2 protein chains.
Amino acid sequence: MAHRDDSVETIQLEMTAFARRARASAARMHPELSLVSYTLLAHLDDQQGCRATDLAAHYLLDKSTVSRQIAALENLGFVERRIDPDDHRVQVLHPTDKGAQVLANVTASRRQAFRERLADWNEDDLDRFATYLQRYNAAQERHG
Amino acid sequence: MAHRDDSVETIQLEMTAFARRARASAARMHPELSLVSYTLLAHLDDQQGCRATDLAAHYLLDKSTVSRQIAALENLGFVERRIDPDDHRVQVLHPTDKGAQVLANVTASRRQAFRERLADWNEDDLDRFATYLQRYNAAQERHG
DNA sequence: CATCAACGTCGCACTACACAACTAGATCTA
DNA sequence: TAGATCTAGTTGTGTAGTGCGACGTTGATG
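Quick caveat: nothing in here was measured; it's all calculated off a predicted structure.

**A short note on the relation of the copies chain A and chain B**
Now for step 1: In screw terms, the move from chain A to chain B is a rotation of 179° and a rise of 0.1 Å along the axis, fitting with an RMSD of 0.3 Å. Such a combination of rotation and displacement between the chain copies is what one expects of a two-fold axis.
Now for step 2: When you check the interface residues of chain A against chain B, 98% turn up at the interface there too, and the contact is symmetric in its surfaces.

Rendered as structure tokens:
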């Protein structure tokens, strides 16, 4: 069991080390779109629009937090709200053309940075690493 | 190249997904010791004491941030400062017995949560995952 | 119709963080 | 050795992200 615990310990430490830096790094790379904003905007783009409540549920954020993030994105002209005709309480959120454009730029430059960071990894290792991360995060969603 | 880019994309998304949740999760699990405090205290424990400047350099934090975190840990009685007799500017930071005790508790419960999350992983996968994370974070440190 | 639930916003408080100005101690140089 | 310079750490200030609770609006249910 000793070895297993060592691995678990390392994963814990390295994941938290990553977490500590990700936000700062994202902010440095893209002052115009924070990590959270980027993630929410990407989700809207991916889902072809969704509700604030859905975003909150998906990312385990308080609805007030999402509300403010969306308000900021709207002020920047990156997101637009469309009142749902069937339920006037809900707003369906969509990226604007401008928002989609900025998102594409940020995504490209993020991907480039990651590509450089992972340049000396071979295909198989990359693939396995990606799979492990997905598996890990799926487990986290299940266990909280 | 398509497959390689897919993996890179997945790693990017999953790592940021993790980053988004880690802090909140840590705060929920251990109100008495934030993710940052925990990390700094763990480092002190691991290193048998070190300077604030070392912590800042190691974790890419501003010295003011570390200064305040350490001040908070000292207020809680988890850390003590020992003026370096050779250089009166520097304070060597050490966990107190109480701090070491709390750290041990938090570490144990964090490890337990991780262990549950990773319960259905076999030894080899755990080991490889841990290695990938270390390699990835080392690369991040080099490339910013 | 009355009540309850859901959606979103706002006020408030708190934490984490960076930058810059500052104090105090150490080191280098002329 | 006096003054400039460098280093360690603190403090003031400002910003961003977040949760909680209260609220107004709207839909659903008895």
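Alright, that's what it looks like, and here's the rest.
**Here we look at helix α3 (residues 52–59) of chain A**
Two residues of an α-helix separated by three or four positions point the same way, owing to the 3.6 residues in each turn.
Residue and element names in this part refer to chain A.
Now for step 1: Among the residues of α3, those classed as buried are Leu55, Ala56 and Tyr59. In a view along the axis of α3, the buried residues occupy a sector of 100°, so they form one face of it. Along α3, exposed side chains directed more than 90 degrees from the buried face belong to Thr53 and Ala57.
Now for step 2: In the stretch just after α3, Leu60 is the one whose phi turns positive, near 55°.

**Brief notes about empty space enclosed by the protein**
Now for step 1: Applying the stated criterion to the full structure yields 3 cavities of 30 Å³ or more.
Now for step 2: In this structure, the largest cavity encloses a volume near 100 Å³.
Now for step 3: What lines the largest cavity is a set of 13 residues, among which Ala22, Ser25, Arg110, Phe114 and Arg117 of chain B lie closest to the centre.
Now for step 4: For the lining of the largest cavity, the element with the most residues is helix α1 (residues 2–29) of chain B, which contributes 5 residues.
Now for step 5: In terms of residue class, the lining of the largest cavity is built from 8 nonpolar, 3 polar and 2 charged.
Now for step 6: By volume, the second largest cavity amounts to about 90 Å³.
Now for step 7: Lining the second largest cavity are Phe18, Ala22, Ser25, Ala26, Met29, Leu35, Arg110, Ala113, Phe114 and Arg117 of chain A together with Thr16 and Gln140 of chain B.
Now for step 8: Where the lining of the second largest cavity is concerned, the elements lending two or more residues are α1 (2–29) and α5 (97–117) of chain A.
Now for step 9: The greatest single-element share of the lining of the second largest cavity, amounting to 5 residues, is contributed by α1 of chain A.
Now for step 10: In terms of residue class, the lining of the second largest cavity is made up of 7 nonpolar, 3 polar and 2 charged.

**So, the packing of helix α2 (residues 35–47) of chain A against α3 of chain A**
Residue and element names in this part refer to chain A.
Now for step 1: At a minimum axis separation of 11 Å, α2 and α3 run at an interaxial angle of 120°. Relative to α3, the element α2 lies oblique. At the point where α2 passes α3, the crossing takes the right-handed sense. Note on element contacts: α3 touches α2 through Leu55, His58 and Tyr59, opposite Thr39, Leu40, His43 and Leu44.
Now for step 2: Taken together, the residues of the contact of α2 with α3 break down into 4 nonpolar, 3 polar and no charged.

**Some details on the nonpolar core**
Where a protein is soluble and globular, its nonpolar side chains tend to be buried together.
Now for step 1: Core analysis: the biggest nonpolar cluster contains 30 residues, and Ile11, Met15, Phe129 and Tyr136 of chain A together with Ile11, Phe129 and Tyr136 of chain B have the highest contact counts within it.
Now for step 2: Of all the secondary structure elements, the ones that give two or more residues to this core are α1 and α6 (123–143) of chain A together with α1 and α6 (123–143) of chain B.
Now for step 3: By size, the runner-up hydrophobic cluster in this structure holds 20 residues, among which are Leu33, Tyr38, Val66 and Val79 of chain B.

**Focus: the interface of chain A and chain B**
Now for step 1: On the chain B side, the residues contacting the 57 residues of chain A number 56 residues.
Now for step 2: Where chain A meets chain B, there are 2 salt bridges.
Now for step 3: The closest approach of N and O atoms between Arg135 of chain A and Asp125 of chain B, which form a salt bridge, is 3.4 Å.
Now for step 4: At the junction of chain A with chain B, the criterion picks out 10 residue pairs in polar contact (both at pLDDT 80 or more).

**Looking at the packing of aromatic side chains**
Now for step 1: Scanning the entire structure with this criterion turns up 10 aromatic pairs over all chains.
Now for step 2: Between Trp121 of chain A and Phe129 of chain A, the ring centres sit 5.3 Å apart and the planes meet at 25°, which makes this aromatic pair stacked. Considered together, Trp121 of chain A and Phe129 of chain A belong to a single accessibility category, that of buried residues.
Now for step 3: By way of ring pairs, the aromatic residues Trp121, Phe129, Tyr132 and Tyr136 of chain A together with Trp121, Phe129, Tyr132 and Tyr136 of chain B are connected into one cluster.
Now for step 4: When the ring centre of Tyr38 of chain A is taken as reference, the NZ or CZ atom of Arg110 of chain A above it lies at 4.7 Å.
Now for step 5: Of note, Arg135 of chain B hangs over the ring of Trp121 of chain A, and the distance from its end group to the ring centre comes to 4.2 Å.

Calculation notes
- Residues numbered from 1 in each chain as written.
- Chains lettered and ligands numbered in written order.
- Predicted model: local features only at pLDDT ≥ 70, side-chain atom pairs only at ≥ 80, totals over all residues.
- Heavy atoms only, no water.
- Least-squares fit on C-alpha atoms with pLDDT ≥ 70 in both.
- Contact = heavy atoms within 4.5 Å.
- Buried < 20%, exposed > 50% of the residue type's maximum accessible area, 1.4 Å probe, protein only.
- Helix = DSSP H or I, 4+ residues; strand = E, 2+ residues; numbered from the N terminus.
- Arc of directions from axis to C-beta.
- 1 Å grid on protein atoms, 1.4 Å probe; cavity = no way out; pocket = protein on both sides within 12 Å on 5 of 7 lines; lining within 4 Å.
- Points joined across faces, edges and corners; volume = space filled by probe spheres on them.
- Nonpolar A, V, L, I, M, F, W, Y, C, P; charged D, E, K, R; others polar.
- Axes fitted to C-alpha atoms, helices over the stretch in contact; angles between N-to-C directions.
- Parallel < 35°, antiparallel > 145°, perpendicular 65-115°, else oblique.
- Left-handed = near helix turned anticlockwise from the far one by under 90°.
- Core = buried A, V, L, I, M, F, W, Y, C linked by side-chain atoms within 4.5 Å.
- Salt bridge = Lys/Arg side-chain N within 4 Å of Asp/Glu carboxyl O.
- Polar contact = N/O pair within 3.5 Å; in protein donor to acceptor, adjacent residues only side chain to side chain.
- Phe/Tyr/Trp six-rings, centres within 6.5 Å; stacked < 30°, edge-to-face > 60°.
- Lys NZ or Arg CZ within 6 Å of the ring centre and 35° of its normal.

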